[in-house]
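One-letter residues, chain by chain:
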Amino acid sequence: METETGADRGEVVLRLVPHLTDINANGHIFGGWVLSQMDIAGGIVAARIAQGAVATVAIESMTFITPILLGDVVSVYATEERRGRTSVAIRIDVVATRGIGMEEVVLTSGVYTFVALDAQHRPRPLPVV
Ligand SMILES: CC(C)(COP(=O)(O)OP(=O)(O)OC[C@H]1O[C@@H](n2cnc3c(N)ncnc32)[C@H](O)[C@@H]1OP(=O)(O)O)[C@@H](O)C(=O)NCCC(=O)NCCS
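Residues numbered from 1 in each chain as written. Predicted model: local features only at pLDDT ≥ 70, side-chain atom pairs only at ≥ 80, totals over all residues. Heavy atoms only, no water.

The name given to the protein in an unreviewed UniProt entry is Acyl-CoA thioesterase, with Sphingobium limneticum as the source organism. Listed in UniProt under the heading Sequence similarities (unreviewed entry), the comment for the protein reads: "Belongs to the acyl coenzyme A hydrolase family." (UniProt positions renumbered as here; feature names shortened; annotations may be inferred.)

This is the structure:
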């Protein structure tokens, strides 16, 4: 599936249904909830690329495009954007299917950077592909 700019969104890493306890005072889902799901999904893809442990070192960009509503079925897409010596940037797009017609709504988009870790929790070179 493609983003608005025509880039490939990658694979659906997580599919979730927010709970009542995830709602803020506006009736929307907490921003922190979606940040957390994006971190989990990006970490899964980054760990696969790193073939081992990774840590989130930075959220390079993050845009909340549309509020998440109770009843949305939320899909978290993630794909490699670029890789360095020990780090990999993962683009993460969050999309909901909403309502009877299962309308697709783009919710958030961001780029998270993960660093491959060695046994001492220090940066480790990514495997050569
Ligand atoms: C991740 C960590 C081990 C990196 O250690 P460090 O001493 O900063 O490592 P380096 O300076 O060698 O940088 C390692 C890589 O991260 C990249 N990096 C560091 N800071 C960055 C930032 N703010 N934005 C993007 N990339 C960054 C570097 O460019 C480098 O990438 P490269 O090797 O591909 O060129 C350390 O910062 C850490 O433990 N942070 C806490 C992680 C954490 O607890 N995350 C939350 C829970 S997972």
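More follows now that the structure is in view.
Relative to the assigned elements, Arg 124 resides in the segment after β5 (103-116). Comment: no salt bridge for buried Arg 124; closest opposite-charge side chain is Asp 118, at 6.9 Å. (Helix = DSSP H or I, 4+ residues; strand = E, 2+ residues; numbered from the N terminus. Buried < 20%, exposed > 50% of the residue type's maximum accessible area, 1.4 Å probe, protein only. Lys, Arg positive; Asp, Glu negative; His and termini not counted. Salt bridge = Lys/Arg side-chain N within 4 Å of Asp/Glu carboxyl O.)

The next thing to look at is the UniProt feature "domain: HotDog ACOT-type" (unreviewed entry) in the protein. According to UniProt, the positions carrying the feature "domain: HotDog ACOT-type" (unreviewed entry) are residues 8-120. Secondary structure within residues 8-120 divides into 18% helix and 48% strand; the distance between the first and last C-alpha atoms comes to 35 Å.

Turning our eyes to something else, we now look at the site of the ligand. In the vicinity of the ligand, 14 residues are found, and the nearest of them are Thr 56, Arg 85, Thr 86, Ser 87 and Arg 122. Taking Arg 85, its main chain carries an N or O atom lying 2.8 Å from an oxygen atom of the ligand. One nitrogen or oxygen atom from the side chain of Ser 87 is found 2.7 Å from an oxygen atom belonging to the ligand. If the ligand stood free it would expose 960 Å²; the protein chains cover 47% of that surface. Among the elements of the structure, β2 (54-64) and β5 are those that each provide at least two residues to the shell around the ligand. A per-element tally of the shell around the ligand places β2 first, with 4 residues. (Near = heavy atom within 4 Å. Polar contact = N/O pair within 3.5 Å; in protein donor to acceptor, adjacent residues only side chain to side chain. Areas by Shrake-Rupley, 256 points an atom, 1.4 Å probe, with all protein chains shown as cover.)

Given two aromatic rings, their pairing is described by the distance between the two centres and the angle made by the two planes. Tallying each qualifying case throughout the model produces 1 aromatic pair. A ring pair is formed by Tyr 112 and Phe 114, whose centres lie 6.4 Å apart and whose planes are at 20°; its orientation type is stacked. What makes Tyr 112 buried here is its relative accessible area of 1%. Just above the ring of Tyr 77 sits the side chain of Arg 9; from NZ or CZ to the centre is 5.2 Å. (Phe/Tyr/Trp six-rings, centres within 6.5 Å; stacked < 30°, edge-to-face > 60°. Lys NZ or Arg CZ within 6 Å of the ring centre and 35° of its normal.)

This part takes up the pattern of salt bridges. Scanning the entire structure with this criterion turns up 7 salt bridges. The closest approach of N and O atoms between Glu 81 and Arg 91, which form a salt bridge, is 3.5 Å. Taken together, the residues Glu 81 in strand β3 (residues 73-83) and Arg 91 in strand β4 (residues 87-98) connect sequence positions 10 residues apart. Exposure remark for Glu 81: the relative accessible area of 39% places this residue in the partly exposed category. The class for Arg 91 is buried, based on a relative accessible area of 13%. A salt bridge links Arg 91 to Asp 93; the shortest N-O distance between them is 3.2 Å. Linked through salt bridges whose partners overlap, the residues forming this network are Glu 81, Arg 91 and Asp 93.

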